Amino acid sequence: MSKKPAVKNAAAKSKPSSKARKYVYFFGNGKADGNRHMKDLLGGKGSGLAEMTNAGLPVPPGFTISTEVCNIYYREKAKIPSAIDREIEENLRKLEKAAGATLGSTENPLLVSVRSGAKFSMPGMMDTILNLGLNDDAVEGLKSRTQNGRFAFDSYRRFIQMFGNVVLEVPKDAFEHELDAVKKARGTKLDTDLDEGSLREVVERYKKVVKDRAKREFPQDPHIQLTMSRDAVFRSWMNARAIEYRRIYDIPDDIGTAVNVQMMVFGNTGARSGTGVGFTRNPATGAREFFGEFLINAQGEDVVSGVRTPQPIRELEQVMPKAYKQLREITTRLEKHYKDVQDFEFTIQDERLFMLQTRSGKRTGYAAIMIASDFVAEKLVTPKEAILLVDPESLNQLLAPGFDRDEWEKIPAATRGLPASPGAASGQVVFSADHAVEWVNQGKQVILVRRETVPDDIHGMFVSQGILTATGGMTSHAAVVGRQMGKPSIVGAGALEIDESRRQFRVDGKTVREGDYISFDGLSGEVKIARVASKPSEILQVLNGTLAAKKSGIYRRFEKLLSWADKVRRLGVYANADLPDQAELAYAFGARGIGLCRTEHMFFGEGRIPIVQRMILADSEADRRKALNELLPLQRDDFYGVFKAMRGCPVTIRTIDPPLHEFLPKREDLMVDVARLEAAGQTGTELEEKKRLLARVEQLHEFNPMLGHRGVRLGITYPEITEMQTRAIIEAACRLNKEGIKIAPEIMIPLVGLVKELSDQKAIVDRVAADVMKEQRITIKYLVGTMIEIPRGCIVADQIAREAQFFSFGTNDLTQLTFGFSRDDSGKFLKIYQEKKILEKDPFASIDTEGVGDLVRLGVERGRKARPSLKIGICGEHGGDPASVHFFHNAGLDYVSASPYRVPVARLAAAQAALSVKVGD
Ligand code: PEP
Ligand code: MG
């Protein structure tokens, strides 16, 4: 694979005077215009075909029409400029030469496949056409060349069916109906039992279907077939399921798909031919085993569609040992070359092997960790490269709960299927993707049960707990998509007799109806008719001390990978944690600091709300102080616990932030209570209390509480709250320091937009801290800083930095205030914004790099200018989002703070951000 690919500009060469861009890239005869680094332009499939061609692997020749043409197609309102058409024609002639066959020829017809292929794989979402080039004459040519009339007419009828369905939009059923009629008339069950004569009849019937349904003749001119198919593939970029898929996986709409036109090779010429797909390692478990499936005498679509259940790839060794050996050699070489697991497609035509695709294989989170650590052990990659092999998001799959094993073992299995994607799933059965979505919207947990899934099911698969199918193999649609989503999935559970119309299935002598509970284990393949309680993942069991680390292989590998990540990342990873047990978990997950302790959450602890309410209801400062004095020891104990859990790492504690009414009962509830008591004729203290509360609630009522009396504004109006909180923090720190654990608290003032707000609060903090230290006869180091979460705070960051020793960007509020989108109400319209492409992503989940991000950059720049040593972090939800972590790395922040469960994701994402400029392509 050391051959350097030659990237020549063939188009420019043939038209020396024109400055025309190149839109079509040829591959064939050991040389390709493209290579593996051109995924943007050629898509994953196109670049893989080019790379394999350059490496001298057996790849049928062809050409790739670039993704740019897809965008032109849409820009020009479904038209392709004639210059590009000419470039395609030139490449077609080159292909005819390489193939030694001519499109439409009666003696030796060239047949091609026309396939989509975007930069990111979108399995089954877009369209494909096979056997293009056949017509009434060419089919006779194919017959005489192959001496196989059955094969020729079978290919032709498949082509008409695919073309009719994909290009002319005739429903598949219309063709199936005719095929069934011919089979019935001949008394046969299987397609393969039909002889040439029967298939000739099928072809005639299919052409009639096209004429009746599409109101046009089936086009006999192969050039017209090609143009129409190319355009249909471009159109499929914008079909509903492809759009939905891109939305789920955050793939931009404007990158377009390439179209690959490639000489057909045939896996359906007879018993010495076949087709298959595979992976160089097991994509569900990561095991180092050759993994995949094949079908003898079939075309590619038969394997992935899940209609026929294929044979395991290892059986190919017995059937065609030479081709098997060659396939193993090639795929091992590809894995080494790409330094990643390869997902490949091949066809064997009369015992001759052809490679049709290679790309990095999608895998479960579990497999990703196993593979990355195995690769390092096998010296295939360095630890740094291994870090880049794992998608940070996929780590979440490893933290998902599993079944309580004891309970699970007690229930007998109803059946077993192929374990396509690991994980424990339990929920109510639904039989359609639409029902899955409906039920989940009603708050239910569902398992989608289908005979087989189709790409249109994507929305239902996404919301389900798990996916269970009766047919299909380990590479069927359900299996591929299930693994990619990290959804527990079982496929090919053949014992299920599914009756989708009656919404029920039978298995093991029992009938399971829609709404009944089932559970399954995606790792073993067992299905049980019961609801089974789950238990924390193996990793969590190790972290909470219920399982020894040495007993969990996956934990050790998980930890190892993250320790490699820790070595390369520049960003610190802290956690948002409010209570000691959360801090313990965060520390165990690898957080080495608390970036945000929301102290008000402590107010909700058992027995505390009445004290907090007394503080709020107090009429005088003296009464307020009395209530605060009761809160002081409680809060001090919590701080002590959090500090202790963090073993001397920085702990950032924020003074009170939310509007006070959040601690009081709802106005409506109080009104009902008062009315009830009055109606019952009561007059006692309970009624008086309720009335007083109601009056205070009404007094505190605000029209825009998020823009109201909250954050630093509370500390300024009620300085005694800041005093109490400072005292609790410093007293807890003194106690720990005396116990030998050095702790340097960082006290953070929220919602600051004016430097004087901070000065006011800082003076209080410093005064109380000095008092406490004097009383305790101990000096501790502490910092006073602020959250930067108001746009004005970013703009005047230089002024604020003169007072603040650290900044922490509160990107939740900063997003809310920059967009003017309410954090609590925007769900209603943000979904529509995304559907209409007004916004690509939810800005509360992934940082808006242009707007909010620019304010962050401005805040960093101005803050550091005024105080070069300023420590800067971020503690909004974005701290656990990989794309946002990349942004914060580049913006020069010191740390990100994420919720405890997202800490591993942030550690890995931070390492990838640090490496992305140095390693990988
Ligand atoms: C923020 O605004 O980003 C933040 C972390 O604070 P909160 O979510 O508590 O408002
Ligand atoms: Mg905030």
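Residues numbered from 1 in each chain as written. Chains lettered and ligands numbered in written order. Predicted model: local features only at pLDDT ≥ 70, side-chain atom pairs only at ≥ 80, totals over all residues. Heavy atoms only, no water.

Colleague: Lay out the coordination of the magnesium ion (ligand 2) in plain terms, naming residues and giving numbers.
Modeller: Every protein donor of the magnesium ion (ligand 2) is accounted for by Glu789 (OE) and Asp813 (OD), and the metal-donor separations fall at 2.0 to 2.1 Å. Here glutamate 789 is found in the loop between strand 31 (783-788) and helix 32 (791-795), whereas its partner aspartate 813 is found in helix 34 (residues 811-819), with 24 residues between them in sequence. Each of the two residues, glutamate 789 as well as aspartate 813, counts as buried. (Donors = N, O, S within 2.8 Å, 3.2 Å for Na, K, Ca; no water. Helix = DSSP H or I, 4+ residues; strand = E, 2+ residues; numbered from the N terminus. Buried < 20%, exposed > 50% of the residue type's maximum accessible area, 1.4 Å probe, protein only.)

Colleague: Account for empty space enclosed by the protein, naming residues and giving values.
Modeller: Tallying each qualifying case throughout the model produces 4 cavities of 30 Å³ or more. In this structure, the largest cavity occupies an estimated 120 Å³ of space. Considering the residues around the largest cavity, the lining is formed by 15 residues, among which Arg115, Met264, Val265, Thr347 and Leu356 are closest to the centre. Listing elements by their share of the lining of the largest cavity, those giving two or more residues are strand 6 (112-118) and strand 8 (257-263). Tallied by class, the residues present in the lining of the largest cavity amount to 7 nonpolar, 7 polar and 1 charged. Lining the second largest cavity, in full, are Arg246, Arg247, Asp250, Ile251, Gln834, Lys837 and Glu840. Of the residues contributing to the lining of the second largest cavity, the split by class is 1 nonpolar, 1 polar and 5 charged. (1 Å grid on protein atoms, 1.4 Å probe; cavity = no way out; pocket = protein on both sides within 12 Å on 5 of 7 lines; lining within 4 Å. Points joined across faces, edges and corners; volume = space filled by probe spheres on them. Nonpolar A, V, L, I, M, F, W, Y, C, P; charged D, E, K, R; others polar.)

Colleague: Give a detailed account of the site of ligand 1, specifying residues and quantitative values.
Modeller: Taken together, 14 residues sit near ligand 1, with Arg598, Gly810, Asn812, Asp813 and Arg823 positioned nearest. Contact distances for ligand 1 include 2.7 Å between an oxygen atom and a backbone N or O atom of asparagine 812. In the complex, 96% of the free accessible area of ligand 1, which totals 290 Å², lies under the protein chains. Counting residues per element, the ones that place at least two in the shell around ligand 1 are strand 28 (594-598) and helix 34. Here the shell around ligand 1 gets 3 residues from one element, more than from any other, and that element is helix 34. Looking at the shell around ligand 1 residue by residue, the classes come out as 3 nonpolar, 4 polar and 7 charged. (Near = heavy atom within 4 Å. Polar contact = N/O pair within 3.5 Å; in protein donor to acceptor, adjacent residues only side chain to side chain. Areas by Shrake-Rupley, 256 points an atom, 1.4 Å probe, with all protein chains shown as cover.)

Colleague: Run through the layout of surface pockets, naming residues and quoting values.
Modeller: A water-sized probe rolled over the atoms picks out the places where empty space is left. Within this model, the second largest pocket holds a volume of roughly 630 Å³. Forming the boundary of the second largest pocket are 28 residues, of which Met263, Met264, Val265, Phe266 and Gln349 lie nearest the centre. When contributions to the lining of the second largest pocket are tallied by element, the ones reaching two or more residues are helix 4 (82-99), strand 5 (109-110), helix 5 (138-146) and strand 13 (352-360). Ranked by the residues each element gives to the lining of the second largest pocket, the list is headed by helix 5, at 3 residues. Partitioned by chemical class, the residues of the lining of the second largest pocket number 17 nonpolar, 8 polar and 3 charged.

Colleague: Explain the environment of leucine 179 to me, and be specific about the residues and the numbers.
Modeller: Relative to the helices and strands, leucine 179 is located in helix 7 (residues 172-186). Placed 537 residues apart in sequence, leucine 179 and isoleucine 716 show a C-alpha to C-alpha distance of 80 Å. Non-local contacts of leucine 179, meaning those with residues more than four positions away in its chain, are made with Arg157, Asp191, Leu194, Val202 and Tyr206. (Contact = heavy atoms within 4.5 Å.)

Colleague: Can you tell me about the nonpolar core, naming the residues and giving the values?
Modeller: With 162 residues, the main nonpolar core has Phe63, Met122, Ile800, Phe807, Phe809 and Leu893 as its most contacted residues. Beyond its immediate sequence surroundings of up to four residues, isoleucine 800 is in contact with Val752, Gly753, Val755, Leu758, Thr786, Ile788, Gly793 and Phe807. Grouped together as the second largest cluster of nonpolar side chains are 60 residues, Ile594, Cys597, Phe663 and Val765 included. (Core = buried A, V, L, I, M, F, W, Y, C linked by side-chain atoms within 4.5 Å.)

Colleague: Run through helix 38 (residues 903-915), naming residues and quoting values.
Modeller: The end-to-end C-alpha distance of helix 38 is 18 Å, a good match for the 18 Å that 13 residues give at a rise of 1.5 Å each. Along helix 38, 13 of the 13 residues are buried, which leaves the element largely enclosed by surrounding structure. (Expected span 1.5 Å × (residues − 1).)

Colleague: Outline the sheet that holds strand 1 (residues 24-28), supporting the account with residue identities and numerical values.
Modeller: On the basis of which strands lie adjacent, the open sheet formed by 6 strands has the order 2-1-3-8-6-7 and antiparallel pairing. Where the open sheet ends on each side, the last strands, each with one partner, are strand 2 (31-32) and strand 7 (128-132). The pairing of strand 1 with strand 2 spans 2 bridges and is classified as antiparallel. Considered in strand 2, the bridge of glycine 28 is made with lysine 31. Lying over the sheet, helix 9 (residues 222-236) contacts strand 3 (62-65), strand 6, strand 7 and strand 8, oriented at roughly 145° with respect to strand 8. (Pairing = 2+ DSSP bridges. Axes fitted to C-alpha atoms, helices over the stretch in contact; angles between N-to-C directions.)

Colleague: Describe the packing of helix 27 (residues 667-679) against helix 28 (residues 685-700), naming the residues involved and giving the relevant values.
Modeller: Two numbers describe how helix 27 lies on helix 28: the axes approach to 9 Å, and their chain directions differ by 150°. Between helix 27 and helix 28, the angle is such that the two are roughly antiparallel. Crossing of helix 27 over helix 28 shows left-handed handedness. The residues of helix 28 that touch helix 27, namely those facing Arg667, Leu670, Met671, Asp673, Val674, Leu677 and Glu678, are Glu686, Leu687, Lys690, Lys691, Leu693, Leu694, Val697 and Glu698. Broken down by class, the residue content of the contact of helix 27 with helix 28 amounts to 8 nonpolar, no polar and 7 charged. (Parallel < 35°, antiparallel > 145°, perpendicular 65-115°, else oblique. Left-handed = near helix turned anticlockwise from the far one by under 90°.)

Colleague: Would you mind going over the pattern of salt bridges in detail, with residue names and values included?
Modeller: Taken as a whole and judged by the stated rule, the model has 65 salt bridges. The residue aspartate 33 makes a salt bridge to lysine 22 at a minimum N-O spacing of 3.1 Å. Of this pair, aspartate 33 sits in the loop between strand 2 and helix 2 (39-54) while lysine 22 is found in the loop between helix 1 (10-14) and strand 1, placing the two residues 11 residues apart along the sequence. Of the two residues examined, aspartate 33 and lysine 22, each falls in the buried class. Between arginine 450 and aspartate 457 there is a salt bridge whose closest N-O contact spans 3.1 Å. A cluster of three or more residues bridged by salt bridges with shared partners is formed by Glu600, Arg654, Asp657, Arg710, Asp813 and Arg823. (Salt bridge = Lys/Arg side-chain N within 4 Å of Asp/Glu carboxyl O.)

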